[in-house]
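Commentary on secondary and tertiary structure
If you want the building blocks of each chain, they are given just below.
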Amino acid sequence: MSGRYYIETWGCQMNEVDSQRLGGQLMEEGFLPCPRPEEADLILLNSCSVREKAAQKVYSRLGEYRRLKHQREKLVIGLCGCVAQQEGQSALKRVPDLDFVLGTGRISEIREVVRQAREGRRPVAIGFPKEAPYEFDSISREGTHKGMVTVIEGCDKRCTFCIVPTTRGPERSRPLDAILQEVRQLLDLGFVEIELLGQTVNHWRGSADPVGRTLDFADLLDAVATLPGLQRLRFLTSYPRDFSSRMVEAIGTHPTICPYLHLPVQSGSDAVLRRMGRGYVVSEYLELVAELRTVRPDIALSTDIIVGFPGESDRDFEATIRLLEDVRFSSVYAFKYSPRPGTAALMLGDDIALETADRRLQALFRLQSRIQLEINRELVGRSFEALITSPGKEPGTMTGRTPCHRVVHFPGDPLVTPTGTLVDVTIERA
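Residues numbered from 1 in each chain as written. Predicted model: local features only at pLDDT ≥ 70, side-chain atom pairs only at ≥ 80, totals over all residues. Heavy atoms only, no water.

1. What about the overall build of the chain?
In plain terms, the rule: Counting from the N terminus, the helices are DSSP H or I runs at least four residues long and the strands are E runs at least two residues long. With C-alpha atoms as the basis for the radius of gyration, the globule rule is written as 2.2 Å multiplied by the number of residues raised to the power 0.38. For each residue, the accessible area found with a 1.4 Å probe, counting protein chains only, is set against the maximum for its type, and the residue is called buried under 20%, exposed over 50%, and partly exposed in between. Residue contacts are counted whenever heavy atoms from the two residues lie within 4.5 Å of one another. Here the accessible surface of atoms and residues is derived via Shrake-Rupley with a 1.4 Å probe, and residues count as covered only by protein chains that are part of the display.
Helix and strand counts for the chain stand at 13 helices and 17 strands. The C-alpha radius of gyration computed for the chain amounts to 22 Å, which stays within 12% of the reference 22 Å derived for 430 residues, consistent with globular compactness. Overall, the chain is about 60 × 55 × 55 Å in size when its C-alpha atoms are taken along their principal axes. Buried residues in the chain amount to 55% of all 430 residues. Within the chain, contacts between residues at least 6 apart in sequence are counted, and of these 72% link residues at least 24 apart. Accessible area for the chain stands at about 19600 Å²; split by element, carbon and sulfur atoms hold 50% of it.

2. Some details on the sheet that holds strand E13 (residues 331–336)
Definition in use: The criterion for strand pairing is that DSSP finds at least two bridges linking the strands in question. Orientation is described by lines fitted to C-alpha atoms, with helices fitted over the stretch in contact, and by angles between N-to-C directions that extend from 0 to 180 degrees.
One open sheet accounts for three strands, arranged E11-E12-E13; its pairing is parallel. Edge positions in the sheet fall to strand E11 (260–262) and E13, since each of these pairs with one other strand and no more. Going across the sheet, the axis of each strand differs from the next one's by a mean of 15°, ignoring polarity. The strands touched by helix H13 (residues 354–377) are strand E12 (300–307) and E13; relative to E13, the strand with the most contacts, the crossing angle is about 175°.

3. Comments concerning the pattern of salt bridges
Stated precisely, the cut-off is as follows: Salt bridges are defined as contacts in which a side-chain nitrogen from Lys or Arg sits within 4 Å of a carboxyl oxygen from Asp or Glu.
The full count for this structure, using the stated rule, is 33 salt bridges. For Glu 135, the salt bridge goes to Arg 111, with nearest N and O atoms at 3.6 Å. Of the two residues, Glu 135 sits in the loop between strand E6 (124–125) and strand E7 (146–153) while Arg 111 sits in helix H5 (residues 110–118), which places them 24 residues apart along the sequence. Residue class for Glu 135 comes out partly exposed when judged on its relative accessible area of 34%. Look at Arg 111 and you get buried, because its relative accessible area is 15%.

4. A short note on the environment of Ala 345
Along the chain, Ala 345 turns up in the loop between E13 and H13. Residue classification places Ala 345 among the buried positions, given a relative accessible area of 2%. Put simply, Ala 345 and Arg 370 are 25 residues apart on the chain and 32 Å apart in space, counted from C-alpha to C-alpha. In contact with Ala 345, not counting residues within four places along its chain, are Thr 160, Phe 161, Phe 309, Pro 310 and Tyr 337.

5. Quick look at the side chain of Thr 200
Take Thr 200: it is sitting in the loop between strand E9 (193–198) and helix H8 (217–225). Taking relative accessible area as the criterion, Thr 200 reaches 2% and is therefore assigned buried. Apart from residues lying up to four places away in sequence, Thr 200 is in contact with Ile 152, Gly 154, Cys 155, Lys 157, Glu 171, Thr 237, Tyr 239 and Asp 242.

Okay, here's the thing in C-alpha cells:
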C-alpha cells in the first residue's frame, strides 16, 4: 500500500496519541502525511464523543469530505475514535460514502482495515480485544519536546454522565516494563517532557512485586520520575477517589514531577456528586487538595466542572461557586451538561433549563477569570524555567510553559532558541 494520508483529530490527549499511532502504522505501509485533506488518498477522522456537539461536528465534517470523494473516486474515508466505537455499523448507514469504521480498541488493525476498504469491503472494527498489541515503536511522534505515553486505557468507573466506559472500554493497564522502555526511548530521542496518560491515570496497576504486593501508580511514578535524562514529568487525568497517600508522597518527593495536577471535581455539591456517581464528597476532595499543597506548596490545580446537571438547584450551584473560591484553581474547564446515549443520567429526569445552565456557566467563568487573574498577578516578579513550545503570535516572540503549566510569552528568536529549549524567564505582567 502507498499514498498520502490526512488525519483530523478531536478530543483529549489520548486521541492525539491514537492519531500518532495511526499515522506511524500507515507510514510503515508506505503512506506519507500531507497537510491538506484535498491532497490525501486516505482521510481519517479521529473523533471524540464526550459531548454531543463534538459528535455532531464529526458528522458535519464527514459531509464536507463526501464532496472530495465525489471528485476522486479512489479516496478512502475512515471514521476512527470514540464516535466510531459508539456508532459502529450505524455510521456506515448514516454516511454512504464512509469506507470504514475503526474503534478505539482496534487501532493496531488500521493496516488491514485500510486494505479491506480499498477493496470495497467497508469494514467495521470495534470492541476491545483482550490481547490488542501496543506498538510504541510505530508511533509517529509530533514535535520533539513532549512525549505522551499511554499507561492505562479505558475506565471502570460508572459516572452517570460519562460515555467513556462505552467508547474506551474497561481498564487495561500496560506493563511497567513496556512503559519504562517507551519512556527511555523518548528520552534517548531528546524529549524534554514526558506526560503519562489515562482516562483514570492514577488507577494504573501493575503485576505483583517480589513480595507479592500489587504495584500501583505511586510505584509507576517512582520508577519513571527517577529515569536518567528526565527533566519534566506530568500525568493526567487523575481521579480524586483513586489517590492514595503514597501517590501524594511521590508528588512531593520527586523534583522531576511538575507542580501541576488536573483533578476533576465536576461539582461542589455533595447531592450532585452523588447523582453523578462520583464516589466522593466535597470534604474528601478538599482534604486531598490540602494534602497535595502540604507536600507541594507551589502546586497549581486545574479541574473540570459540569453545570446544569439534572436536578442541580441554585443551592447546589452556589456550593460549586464556594468550592472555586476555597480551592482557587489555576484554571477551570467548565461545560454545560451534555446528555450522552446509554448513560444513567438520562434516567434522572429533572432537567435544567438551557437558559439557567447558560447563566450559571457564565457566572462561573466570571468568577474563575477574577481568581485566575489574581493568582497570575501573584507570580509577577518571580522567575521560572519555561519550556519553549512554539514561536509567538507576535514577531520576535516565543511561547512556552512553566513547570506549573502556565503559558508565558517572551522575546525570542526561534533560530537561536528553538522549540524544546528550556529558558529562564521572569514574569513582568499577568
